[in-house]
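Chains, contacts and geometry: an overview
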Amino acid sequence: DPATVLRNDVRTAAAPPPAFHRGRVALLGDAVHPMTPNLGQGGCQAIEDAVVLAQLAAPDADLAAALAEFTRQRLPRTMDVVRRAERIGRLTTWRSRPACALRAVLMAATARLTPDLALRALDGIADWRPEGPTYAAGTRGTRTAAQPKEHE
Ligand SMILES: Cc1cc2nc3c(=O)[nH]c(=O)nc-3n(C[C@H](O)[C@H](O)[C@H](O)COP(=O)(O)OP(=O)(O)OC[C@H]3O[C@@H](n4cnc5c(N)ncnc54)[C@H](O)[C@@H]3O)c2cc1C
(Lines give C-alpha, C1' and ligand atoms only; values in the text may rest on other atoms or scores of the structure.)
Protein backbone atom coordinates (compact mmCIF):
# COMPACT_ATOMS: atom_id res chain seq x y z
CA ASP A 1 0.00 0.00 0.00
CA PRO A 2 1.70 3.25 -1.15
CA ALA A 3 0.18 5.11 1.80
CA THR A 4 2.25 3.03 4.19
CA VAL A 5 5.55 3.74 2.43
CA LEU A 6 7.82 5.83 4.62
CA ARG A 7 9.71 8.51 2.70
CA ASN A 8 12.55 10.33 4.39
CA ASP A 9 15.15 12.59 2.83
CA VAL A 10 18.73 11.39 3.03
CA ARG A 11 21.28 14.04 3.88
CA THR A 12 25.02 14.08 3.51
CA ALA A 13 27.73 16.44 4.73
CA ALA A 14 28.12 18.92 1.87
CA ALA A 15 31.56 20.09 2.95
CA PRO A 16 33.88 19.09 5.78
CA PRO A 17 33.51 21.27 8.88
CA PRO A 18 36.70 22.98 10.04
CA ALA A 19 36.74 20.76 13.16
CA PHE A 20 34.64 18.28 15.10
CA HIS A 21 35.04 20.29 18.28
CA ARG A 22 35.05 23.81 19.65
CA GLY A 23 36.18 24.60 23.16
CA ARG A 24 35.00 21.81 25.44
CA VAL A 25 32.30 20.53 23.06
CA ALA A 26 32.73 17.79 20.47
CA LEU A 27 30.25 16.40 17.96
CA LEU A 28 30.18 12.83 16.78
CA GLY A 29 28.09 10.57 14.60
CA ASP A 30 25.46 11.92 12.22
CA ALA A 31 25.56 15.29 13.98
CA VAL A 32 28.91 16.01 12.34
CA HIS A 33 29.35 13.57 9.43
CA PRO A 34 25.94 12.60 8.04
CA MET A 35 26.36 10.28 5.10
CA THR A 36 24.20 8.41 2.62
CA PRO A 37 23.54 4.83 3.76
CA ASN A 38 25.12 3.24 0.68
CA LEU A 39 28.15 1.81 2.48
CA GLY A 40 26.29 0.97 5.71
CA GLN A 41 28.83 3.07 7.60
CA GLY A 42 26.97 5.89 9.39
CA GLY A 43 26.48 3.94 12.61
CA CYS A 44 29.87 2.25 12.30
CA GLN A 45 31.66 5.60 12.03
CA ALA A 46 29.70 6.91 15.02
CA ILE A 47 30.92 3.92 17.04
CA GLU A 48 34.50 4.53 15.93
CA ASP A 49 34.11 8.18 17.01
CA ALA A 50 32.95 6.99 20.42
CA VAL A 51 35.87 4.57 20.79
CA VAL A 52 38.39 7.30 19.97
CA LEU A 53 36.68 9.90 22.14
CA ALA A 54 36.56 7.53 25.12
CA GLN A 55 40.23 6.78 24.58
CA LEU A 56 41.31 10.43 24.36
CA ALA A 57 39.00 12.19 26.79
CA ALA A 58 40.15 10.20 29.81
CA PRO A 59 39.31 11.79 33.18
CA ASP A 60 42.89 13.05 33.66
CA ALA A 61 43.37 14.23 30.05
CA ASP A 62 43.96 17.80 28.88
CA LEU A 63 40.51 18.20 27.30
CA ALA A 64 41.47 20.87 24.75
CA ALA A 65 44.35 18.71 23.48
CA ALA A 66 42.16 15.59 23.57
CA LEU A 67 39.42 17.15 21.44
CA ALA A 68 41.94 18.59 18.98
CA GLU A 69 43.36 15.09 18.62
CA PHE A 70 39.81 13.74 18.19
CA THR A 71 39.35 16.08 15.22
CA ARG A 72 42.76 15.13 13.82
CA GLN A 73 41.98 11.42 13.90
CA ARG A 74 38.33 11.46 12.92
CA LEU A 75 37.72 14.32 10.48
CA PRO A 76 39.72 13.08 7.45
CA ARG A 77 38.64 9.47 7.88
CA THR A 78 34.91 10.12 8.25
CA MET A 79 34.87 12.67 5.42
CA ASP A 80 36.54 10.11 3.16
CA VAL A 81 33.75 7.64 4.02
CA VAL A 82 31.12 10.36 3.42
CA ARG A 83 32.48 10.98 -0.10
CA ARG A 84 32.80 7.26 -0.89
CA ALA A 85 29.20 6.58 0.20
CA GLU A 86 28.05 9.56 -1.84
CA ARG A 87 29.76 8.28 -4.98
CA ILE A 88 28.00 4.91 -4.68
CA GLY A 89 24.74 6.63 -3.80
CA ARG A 90 24.85 8.61 -7.02
CA LEU A 91 24.52 5.35 -8.97
CA THR A 92 21.23 4.60 -7.21
CA THR A 93 19.68 7.88 -8.34
CA TRP A 94 19.79 7.03 -12.04
CA ARG A 95 16.24 7.10 -13.38
CA SER A 96 16.28 6.83 -17.18
CA ARG A 97 15.51 3.38 -18.57
CA PRO A 98 18.77 3.01 -20.55
CA ALA A 99 20.86 4.08 -17.56
CA CYS A 100 19.02 1.67 -15.24
CA ALA A 101 19.39 -1.16 -17.75
CA LEU A 102 23.11 -0.45 -18.09
CA ARG A 103 23.47 -0.40 -14.30
CA ALA A 104 21.68 -3.73 -13.98
CA VAL A 105 23.95 -5.33 -16.60
CA LEU A 106 27.08 -3.91 -14.99
CA MET A 107 26.01 -5.08 -11.54
CA ALA A 108 25.22 -8.59 -12.76
CA ALA A 109 28.45 -8.85 -14.76
CA THR A 110 30.54 -7.53 -11.89
CA ALA A 111 28.96 -9.93 -9.40
CA ARG A 112 29.70 -12.82 -11.74
CA LEU A 113 33.22 -11.86 -12.84
CA THR A 114 34.62 -10.30 -9.67
CA PRO A 115 32.37 -11.33 -6.77
CA ASP A 116 34.58 -9.59 -4.21
CA LEU A 117 34.43 -6.19 -5.93
CA ALA A 118 31.54 -4.99 -3.78
CA LEU A 119 33.55 -5.78 -0.67
CA ARG A 120 36.49 -3.77 -2.02
CA ALA A 121 34.37 -0.65 -1.48
CA LEU A 122 35.13 -1.28 2.19
CA ASP A 123 38.91 -1.45 1.73
CA GLY A 124 40.53 0.77 4.34
CA ILE A 125 37.20 1.06 6.18
CA ALA A 126 36.33 -2.33 7.65
CA ASP A 127 39.90 -3.04 8.81
CA TRP A 128 40.08 0.04 11.07
CA ARG A 129 41.87 -0.21 14.39
CA PRO A 130 42.17 2.55 16.99
CA GLU A 131 45.59 4.24 17.06
CA GLY A 132 46.25 3.41 20.70
CA PRO A 133 44.91 1.12 23.40
CA THR A 134 41.15 1.39 23.72
CA TYR A 135 39.40 2.50 26.87
CA ALA A 136 38.14 -1.05 27.37
CA ALA A 137 41.60 -2.53 26.81
CA GLY A 138 43.09 0.00 29.23
CA THR A 139 40.70 -0.95 31.97
CA ARG A 140 41.47 -4.61 31.48
CA GLY A 141 45.22 -4.16 31.43
CA THR A 142 47.55 -5.00 28.60
CA ARG A 143 45.52 -5.83 25.51
CA THR A 144 45.80 -3.24 22.74
CA ALA A 145 44.24 -2.87 19.33
CA ALA A 146 47.42 -4.22 17.76
CA GLN A 147 47.08 -7.42 19.77
CA PRO A 148 43.49 -8.56 19.27
CA LYS A 149 42.26 -11.64 21.08
CA GLU A 150 42.45 -14.79 18.98
CA HIS A 151 38.69 -15.06 18.45
CA GLU A 152 38.44 -11.50 17.07
C1 LIG B 1 18.23 3.56 5.39
C2 LIG B 1 19.46 3.64 6.28
C3 LIG B 1 20.26 2.52 6.42
C4 LIG B 1 21.39 2.57 7.25
N5 LIG B 1 22.17 1.46 7.34
C6 LIG B 1 23.26 1.48 8.13
C7 LIG B 1 24.07 0.32 8.27
O8 LIG B 1 23.82 -0.73 7.68
N9 LIG B 1 25.18 0.42 9.05
C10 LIG B 1 25.49 1.57 9.72
O11 LIG B 1 26.49 1.59 10.44
N12 LIG B 1 24.73 2.67 9.62
C13 LIG B 1 23.61 2.66 8.85
N14 LIG B 1 22.81 3.78 8.76
C15 LIG B 1 23.22 5.02 9.44
C16 LIG B 1 22.91 5.01 10.93
O17 LIG B 1 21.54 4.73 11.16
C18 LIG B 1 23.25 6.39 11.49
O19 LIG B 1 24.49 6.83 10.99
C20 LIG B 1 23.34 6.33 13.02
O21 LIG B 1 22.08 6.00 13.55
C22 LIG B 1 23.84 7.65 13.58
O23 LIG B 1 23.86 7.56 14.97
P24 LIG B 1 23.87 8.87 15.85
O25 LIG B 1 23.86 8.38 17.26
O26 LIG B 1 24.96 9.77 15.40
O27 LIG B 1 22.52 9.63 15.51
P28 LIG B 1 21.02 9.14 15.73
O29 LIG B 1 20.90 7.64 15.59
O30 LIG B 1 20.19 10.01 14.84
O31 LIG B 1 20.75 9.47 17.25
C32 LIG B 1 20.49 10.77 17.68
C33 LIG B 1 19.47 10.66 18.80
O34 LIG B 1 19.32 11.93 19.41
C35 LIG B 1 17.95 12.14 19.66
N36 LIG B 1 17.74 13.59 19.76
C37 LIG B 1 17.68 14.50 18.77
N38 LIG B 1 17.49 15.73 19.25
C39 LIG B 1 17.44 15.59 20.59
C40 LIG B 1 17.25 16.53 21.66
N41 LIG B 1 17.10 17.84 21.44
N42 LIG B 1 17.25 16.04 22.92
C43 LIG B 1 17.42 14.71 23.17
N44 LIG B 1 17.59 13.79 22.18
C45 LIG B 1 17.60 14.23 20.93
C46 LIG B 1 17.24 11.49 18.48
O47 LIG B 1 15.89 11.19 18.81
C48 LIG B 1 18.08 10.23 18.31
O49 LIG B 1 17.63 9.15 19.10
C50 LIG B 1 21.69 3.75 7.95
C51 LIG B 1 20.86 4.87 7.82
C52 LIG B 1 19.75 4.82 7.00
C53 LIG B 1 18.87 6.03 6.88
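One can find the structure itself at the top, above this paragraph.
For clarity, every value in this text was computed on a predicted model and none was experimentally measured. (Residues numbered from 1 in each chain as written. Predicted model: local features only at pLDDT ≥ 70, side-chain atom pairs only at ≥ 80, totals over all residues. Heavy atoms only, no water.)

**Focus: the overall build of the protein chain**
Note the cut-off: A helix here means a DSSP run of H or I that spans at least four residues, while a strand means a run of E at least two residues long, and both kinds are numbered starting from the N terminus. Summary of the burial criterion: residues with accessible area below 20% of their type's maximum are buried, those above 50% are exposed, and those between are partly exposed, where the area comes from a 1.4 Å probe applied to protein chains only. Contacts were defined at the residue level, with two residues in contact if any of their heavy atoms lie within 4.5 Å. Every accessible area reported is derived by Shrake-Rupley at a probe size of 1.4 Å, with residue values counting cover from the shown protein chains alone.
Helix and strand counts for the protein chain stand at 5 helices and 2 strands. Mapped from its N terminus to its C terminus, the protein chain presents α and β elements in the order β-β-α-α-α-α-α. By residue count, 25% of the 152 residues in the protein chain fall in the buried class. Sequence separation of at least 24 residues holds for 66% of the intrachain contacts in the protein chain that already meet a minimum separation of 6. Within the structure as shown, the protein chain displays about 10400 Å² of accessible surface, and the carbon and sulfur contribution to it stands at 60%.

**Some details on the site of the ligand**
Selection rule: Nearness here has a simple test: a residue counts as near a molecule or strand if at least one of its heavy atoms is within 4 Å of that partner. What qualifies as a polar contact is a pair of N or O atoms within 3.5 Å, subject to a donor-acceptor requirement within protein and to the restriction that residues adjacent in sequence count only when both atoms come from side chains.
Neighbouring the ligand are Gly29, Asp30, Pro37, Gly40, Gln41, Gly42, Gly43 and Cys44. One nitrogen or oxygen atom from the main chain of glycine 42 is found 3.4 Å from an oxygen atom belonging to the ligand. At a separation of 2.9 Å, a nitrogen atom of the ligand approaches a polar backbone atom of glycine 43. Protein contact buries 27% of the 1000 Å² of open area that the ligand shows by itself.

**Quick notes on the layout of surface pockets**
The line we're drawing: Only protein atoms enter the calculation, which uses a 1 Å grid: trapped sets of points that fit a 1.4 Å probe without letting it out are cavities, open sets showing protein on both sides within 12 Å along at least five of seven lines are pockets, and any residue with an atom within 4 Å of a point is a lining residue. Grid points are joined across faces, edges and corners, and a volume is the space filled by probe spheres set on the points. Amino acids outside the nonpolar list (Ala, Val, Leu, Ile, Met, Phe, Trp, Tyr, Cys, Pro) and the charged list (Asp, Glu, Lys, Arg) are all regarded as polar, and Gly is one of them.
Put simply, the largest pocket is a space of about 480 Å³. Lining of the largest pocket is provided by 16 residues; of these, Ile88, Leu91, Met107, Thr110 and Ala118 occupy positions nearest its centre. Those elements that place two or more of their residues in the lining of the largest pocket are helix H2 (63-92), helix H3 (97-113) and helix H4 (117-120). Per element, the largest residue contribution to the lining of the largest pocket is 5 residues, and it comes from H3. For the lining of the largest pocket, the per-class residue count stands at 11 nonpolar, 4 polar and 1 charged.

**Some thoughts on the side chain of arginine 77**
Along the chain, arginine 77 falls in helix H2. Side-chain polar atoms of arginine 77 contact the side chain of glutamate 48, separated by 2.7 Å. In this structure arginine 77 touches Gln45, Glu48, Gly124, Ile125 and Trp128, once residues within four positions along its chain are discounted.

**Let's talk about the environment of leucine 56**
Within the secondary structure layout, leucine 56 lies in helix H1 (residues 42-56). Expressed as a C-alpha distance, the spacing of leucine 56 and tyrosine 135, which sit 79 residues apart in the sequence, is 8.5 Å. Contacts of leucine 56, omitting those with residues within four sequence positions, involve Ala61, Ala66, Glu69, Phe70 and Gln73.

**Section: the nonpolar core**
Formally: For our purposes a nonpolar core is just a set of buried Ala, Val, Leu, Ile, Met, Phe, Trp, Tyr and Cys residues, chained together by side-chain atoms within 4.5 Å.
Phe20, Leu39, Leu56, Phe70, Met79, Val81 and Val82 are the most contacted members of the largest nonpolar core, which has 17 residues in total. Among the secondary structure elements, those contributing two or more residues to this core are H1 and H2. Examining the composition of this core, we find that 8 residues originate from one element, H2, more than from any other. Those residues in contact with phenylalanine 20, other than ones at most four positions away along the chain, are Val25, Ala26, Leu27, Val32, His33, Phe70, Thr71, Arg74, Leu75, Thr78 and Met79.

**Describing the packing of H1 against H2**
This is how the line gets drawn: Fitted lines through C-alpha atoms serve as axes, helices being fitted only where they are in contact, and the angles separating the N-to-C directions of these axes extend from 0 to 180 degrees. Small angles under 35 degrees read as roughly parallel and large ones over 145 as roughly antiparallel, with 65 to 115 read as roughly perpendicular and the rest as oblique. Definitions for this section: a left-handed crossing has its near helix turned counterclockwise from the far helix by less than a right angle. A right-handed crossing has that turn clockwise.
Contact geometry of H1 with H2 gives a least axis separation of 10 Å together with a crossing angle of 165°. It follows that H1 is roughly antiparallel to H2 by the angle criterion. The hand of the H1/H2 crossing is right-handed. Seen from H1, the contacting residues are Gln45, Glu48, Asp49, Val52, Leu53 and Leu56; seen from H2, they are Ala66, Leu67, Glu69, Phe70, Gln73, Arg74, Arg77, Thr78 and Val81. By residue class, the composition of the contact of H1 with H2 is 7 nonpolar, 3 polar and 5 charged.

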